[in-house]
Amino acid sequence: MEYQITSYFIFLFFSFFITIKVGWILFKNGEVYLLEIFNYHKTYVKSINKLLLIGYYLINLGKAAIEITYWEEITTLSKLIKVVGNKLGNLLLLLAVMHFINVIGLALFSKNQKLIHH
Amino acid sequence: MENYHIITTYLIYLTISISLTLYVAHILFKNGKVYMLDIFRGREDIALATNRLFEVGFYLFNIGFALCLLEVKFYGVVTYREVIEVLSQKIGGFSIYLGIMLFLNLFLFFKGKKAAKRNQSNNNFGADFSEEKIII
């Protein structure tokens, strides 16, 4: 019982921390791309960037919270480390895959946009 | 006693694999900046942003993989000998994986550089053309 609740807290803390930190980095660094795509309209880019950030937070934090439902029974400390590590690893891999899909999508989109302009 | 060995294994594996990932990513993207600047033809803001994005992706992917491979199974009585054997197998496997990822990333850098060169030569023709136009 004690281990179970401890594992929930550890998992939620790390997953929220990582998700929020990564989202913030993407928010900061993605602005350049969006500026290029939207022809340097500052107001558009700001609002779209903010909306994207909030969508990202909703999806990933929601996924992290739902993960608690499918949790194994934890009886020992070694099992706690194993389960929390596995779940965090899955979350990180999902974030990485989504991140790369996003970057590739942005790159393709900006390339298309450039082709239209030239 | 058995439990204690497993926890030691986990802690050693986690510290070594995560610090290895952080170190490799740090070195790779410190040196990758030059390539990025070359690819984006000296536009510093977009080059640095891309570099940072790739770095974050690298961290996420590799630390996630390391955490997914965490599980260790011991049978019977666990001794320090077994702990060392399992640890060396795991860490060796992870570092080989990391090396492959590193070469993949380098390959991407080279490919991007080549593409940038091709674009640049195309653009140079365009620039010459426009200059001629201005002169006329």
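On a predicted model such as this, the values are computed, not experimentally measured, just so you know.

Structural notes on the layout of surface pockets
Thinking step 1. Put simply, the second largest pocket is a space of about 680 Å³.
Thinking step 2. In terms of lining residues, the second largest pocket is bounded by 24 residues, among which Phe14(A), Ile18(A), Leu92(A), Ile18(B) and Ile63(B) are the most central.
Thinking step 3. Contributions of two or more residues to the lining of the second largest pocket are made by helix H1 (2–37) and helix H3 (77–117) of chain A together with helix H1 (2–39) and helix H2 (44–68) of chain B.
Thinking step 4. Classifying every residue of the lining of the second largest pocket gives 20 nonpolar, one polar and three charged.

Here's the deal with the nonpolar core
Thinking step 1. With 58 residues, the main nonpolar core has Tyr13(B), Phe58(B), Leu60(B) and Phe74(B) as its most contacted residues.
Thinking step 2. Of all the secondary structure elements, the ones that give two or more residues to this core are H1, helix H2 (42–67) and H3 of chain A together with H1, H2 and helix H3 (80–135) of chain B.
Thinking step 3. Ranked by residues supplied to this core, first place goes to H1(B) with 11 residues.
Thinking step 4. Sequence-distant contacts of Tyr13(B), that is, excluding residues within four places in its chain, are made with Ala66(B), Leu69(B), Leu70(B), Leu87(B), Lys90(B), Ile91(B) and Phe94(B).

A word on the packing of H1(A) against H2(A)
In helix packing, the relevant descriptors are the interaxial angle and the interaxial distance, both defined with respect to the helix axes.
Residues and elements named next belong to chain A.
Thinking step 1. Interhelical geometry of H1 versus H2 gives an angle of 160 degrees and a closest axis separation of 9 Å. In terms of orientation, H1 lies roughly antiparallel with respect to H2. Judged by the sense of rotation from one axis to the other, the crossing of H1 with H2 is right-handed.
Thinking step 2. In terms of residue class, the contact of H1 with H2 is made up of 17 nonpolar, five polar and five charged.

Conventions and cut-offs
Residues numbered from 1 in each chain as written. Chains lettered and ligands numbered in written order. Predicted model: local features only at pLDDT ≥ 70, side-chain atom pairs only at ≥ 80, totals over all residues. Heavy atoms only, no water. 1 Å grid on protein atoms, 1.4 Å probe; cavity = no way out; pocket = protein on both sides within 12 Å on 5 of 7 lines; lining within 4 Å. Points joined across faces, edges and corners; volume = space filled by probe spheres on them. Helix = DSSP H or I, 4+ residues; strand = E, 2+ residues; numbered from the N terminus. Nonpolar A, V, L, I, M, F, W, Y, C, P; charged D, E, K, R; others polar. Core = buried A, V, L, I, M, F, W, Y, C linked by side-chain atoms within 4.5 Å. Buried < 20%, exposed > 50% of the residue type's maximum accessible area, 1.4 Å probe, protein only. Contact = heavy atoms within 4.5 Å. Axes fitted to C-alpha atoms, helices over the stretch in contact; angles between N-to-C directions. Parallel < 35°, antiparallel > 145°, perpendicular 65-115°, else oblique. Left-handed = near helix turned anticlockwise from the far one by under 90°.

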